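# Topology and contacts: notes
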Amino acid sequence: MEAIKNVLQKYDNEYIKDYKPTWVKAKFKNPNDLLNIVSDLKEVGVETCSTVSPTDFIDDNKIEINYFLEDLINKKNVWLKFDLPRELEECKIDSITPLMPSANWHELEAYSTFGVKFERHPNLRYFLISADYFGKFPFRKDFDWKKHEENLIQNIDDITSEWLDEYEENKKTLPKDGSETILHWGPTHPASGPIRLRVGVDGENINWVDPDIGYVWRALENLVERKDFIGAITSVERICFMDNPNPMICYSEAVEEIAGKEITRFAKLMRVLLGEIGRSASHLISMGGFFGNTGLQTFVMWTMDIREYFLDVLEDYSGARIATASVEPGGVRFPMPDNWLETLEKAIKKYKDTVPDMLEIFIKNPLMKTRAVGTSPISKNDVITNYMAGPIARASGVKVDVRIDEPYAGYDEIDMDYVTCENGDVYDRLNILFKELNQSMDIMKQAIAKIREGIEKGEMDPKKDHLVRMPRRMPAGEAVTRVEWARGEMLMHLVTTEKATSPYRLKLKAPSVNHTMVLDSLLRGKTLSDIPLIYGSMHICQGDLDR
């Protein structure tokens, strides 16, 4: 960390300090120093931008912009801060996208929702939001949501006009003879869900791909601000229902950090169990969806059947199978029911009993391997440049896993190692899920054994130790927390004000943004029939993509 601090100390700053064992936090006085700072940080190994998070301090007439940068190989992280004038004409800073391509869409999102102009961005444009929000910057504190929602007809007209303008532009730019055209894959394609890929093709060959996202944009970060700190979990978990416990763990740990609260060992281990249940349920959907995209529906039924056993576990705990509200600040929401661990062990056994057939019939499937092996590989350098996370990164042999790199909940008690593949192709991006499912079963067995041992020794009371009391009003502060979500690193940046009853700002960063951002490079030169295969191998969730 000293090399990073030496770089930062070269520039005029308000402070440079250790934030967490793997984090340095610094605030700088001159936004014009940003590019030089980032360039110097790259020289010492910090090559990746996780996300960009503006906060609108309207009473202070400023936008504070936060950059979260990472050295994925050496597990070192940097949190940079700058103050920008709040006036739209002056609210600008240099784009770091030319230096760190992983920042691309994160800067576009900050521009579209907060009005921060990133100068010399290669393609600065409105992004994620629909046309009725263009130029209105809905995450600024003075945006009038009620007034906007009153103009329903005008909003629909704005959206329609944008679509018509796009088609008119296509007529002007596409040649009248020849086979070049633009196809629309989605936004209701059964393999993709609510995303549209604008695909430029010459016959069957793909020339370029432009992902159009935002079809299920819910302004989730703003919805969180409308709720109290406990009620916010119902919005946070809706980032994606395929793995809903882990986002609640990430958010709850941020609240606990600001409140200065330590949860019980029992609650930490329960978070491990709930997190791995969520990961397993999500991976099963992703594996089934991969084969479903290629037209093989049998495996979809197999994985959904196994997933039902894990949903039974969630239902026995929370009363709900999908929207569980099972984790909250202070621990986990409910006491542990009688025989709950046995229900979980039944789900683990169901998976284990099916593994041999899954391996022989599907993972080793010769037809699937013919199509997938060697297709659209992602290199280790691609992972760092574009910040591929979680299973996608590990499929390329990059050893990243927040559970190991920055242990949270009860993962510091778990014996685990990085699970990786080497080639990073479509086949490895499938196979890594199979490997990680096996690992999750082992993690859950370890956590179950530790809970049972704690109960037997009288060190844990599953009826009382699930939750500690949290303050109704929070102190002013901010926190950054990360968890290893099913799709990779999830990062949340929480800001609170003095005696607040609800979050002032919550930035939600999840991995599907960057995994969608690289579809153009993965699909160029391929054919139309490759889209479902390659898209399915990226395990993209529209919930965390659009938020």
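Look up: the structure comes first, before these words.
The present account deals with the structure reproduced in this document. (Residues numbered from 1 in each chain as written. Predicted model: local features only at pLDDT ≥ 70, side-chain atom pairs only at ≥ 80, totals over all residues. Heavy atoms only, no water.)

## Let's talk about the overall build of the chain
A tally of regular secondary structure across the chain gives 20 helices and 15 strands. Seen along its three principal axes, the alpha-carbon backbone of the chain occupies a region of about 70 × 60 × 50 Å. In the chain, buried positions account for 58% of the 547 residues. Carbon and sulfur atoms form 49% of the exposed surface of the chain, whose accessible area is close to 21,400 Å². Once the 70 positive and 88 negative side-chain charges of the chain are each reduced to a mean point, those two points are 2 Å apart. (Helix = DSSP H or I, 4+ residues; strand = E, 2+ residues; numbered from the N terminus. Buried < 20%, exposed > 50% of the residue type's maximum accessible area, 1.4 Å probe, protein only. Areas by Shrake-Rupley, 256 points an atom, 1.4 Å probe, with all protein chains shown as cover. Lys, Arg positive; Asp, Glu negative; His and termini not counted. Charge placed at Lys NZ, Arg CZ, Asp CG, Glu CD.)

## Brief notes about the pairing of strand S5 (residues 76-85)
For S5, the tally of buried residues reaches seven of 10 residues, placing the bulk of the element in the interior. When strand S2 (residues 23-28) meets S5, the two strands line up parallel, connected through five bridges. If you follow lysine 25 over to S5, its bridge partner there is tryptophan 79. Bridge analysis of strand S4 (residues 62-71) against S5 gives 10 bridges, and the strand direction is antiparallel. Following the sheet pairing, glutamate 64 is matched in S5 by aspartate 83. (Pairing = 2+ DSSP bridges.)

## Comments concerning unusual backbone geometry
Located in the positive-phi region is arginine 120, a residue other than glycine, with phi close to 65°. The topology assignment puts arginine 120 in the loop between strand S7 (117-119) and helix H4 (145-150). With phi around 50°, tyrosine 387 is a residue other than glycine that occupies positive phi space. Structurally, tyrosine 387 can be placed in the loop between helix H13 (380-386) and helix H14 (390-395). We classify tyrosine 387 as buried; its relative accessible area is 5%.

## Re the sheet that holds strand S14 (residues 488-496)
Whenever strands of a sheet pair, they do so through backbone hydrogen bonds, lying parallel or antiparallel. Judged by pairing direction, the sheet is antiparallel, and its three strands sit side by side in the order S13-S14-S15 without closing on themselves. Of all strands in the sheet, those bounded by a partner on one side alone are strand S13 (477-485) and strand S15 (505-509). Averaged over all pairs of adjacent strands, the angle between their axes in this sheet comes to 10°, without regard to strand direction. One ladder, built from five bridges, connects S14 with S15; its direction is antiparallel. From the neighbouring strand, histidine 493 faces S15, where its bridge partner is lysine 507. Its contacts with the sheet place helix H8 (residues 245-259) against S13, S14 and S15, and it is angled at close to 155° to S13. (Axes fitted to C-alpha atoms, helices over the stretch in contact; angles between N-to-C directions. Contact = heavy atoms within 4.5 Å.)

## Observations concerning the side chain of arginine 429
Take arginine 429: it is sitting in helix H16 (residues 426-456). A polar contact of 2.7 Å, which involves the side chain of arginine 429, links it to the backbone oxygen of glycine 424. With near-sequence residues (within four places) excluded, arginine 429 lies in contact with Thr375, Ser376, Pro377, Ile378, Ile392, Ala395, Gly424, Ile534, Ser537, Met538 and His539. (Polar contact = N/O pair within 3.5 Å; in protein donor to acceptor, adjacent residues only side chain to side chain.)

## Some points on the state of the cysteines
In the structure shown here, the tally under the stated rule is one disulfide. With its sulfur 2.4 Å from that of its partner, cysteine 240 forms a disulfide with cysteine 541. Across the S-S bond of cysteine 240 and cysteine 541 the torsion is about 110°, and the bridge reads as right-handed. Taken as a pair, cysteine 240 in the loop between helix H7 (233-236) and H8 and cysteine 541 in the loop between helix H19 (530-537) and helix H20 (542-546) lie far apart in primary sequence, 301 residues in all. The class for cysteine 240 is buried, based on a relative accessible area of 4%. Classification of cysteine 541 by relative accessible area gives buried; the value is 5%. Here cysteine 91 stays unpaired: no disulfide links it, and the sulfur of cysteine 49, its closest cysteine neighbor, is 17 Å away. For cysteine 91, a relative accessible area of 0% puts it in the buried group. Cysteine 250 carries a free sulfur, and the closest cysteine sulfur to it, the one in cysteine 240, is 14 Å from it. (Disulfide = S-S within 2.5 Å.)

## With respect to H8
Quick reminder: α-helices carry 3.6 residues per turn. Residues three or four places apart thus point the same way. With 15 residues, H8 extends 21 Å from end C-alpha to end C-alpha; this agrees with the ideal 21 Å at 1.5 Å per step. Among the 15 residues that make up H8, 14 are buried, leaving the element largely enclosed by the rest of the structure. Within two residues after H8, glycine 260 carries a phi angle of roughly 70°, on the positive side. (Expected span 1.5 Å × (residues − 1).)

## With respect to the packing of H8 against helix H9 (residues 265-293)
Where H8 meets H9, the closest approach of the two axes is 8 Å, and the angle between their N-to-C directions is 145°. Touching Pro245, Asn246, Ile249, Ser252, Glu253 and Glu256 of H8 are Arg271, Leu274, Gly275, Gly278 and Arg279, all from H9.

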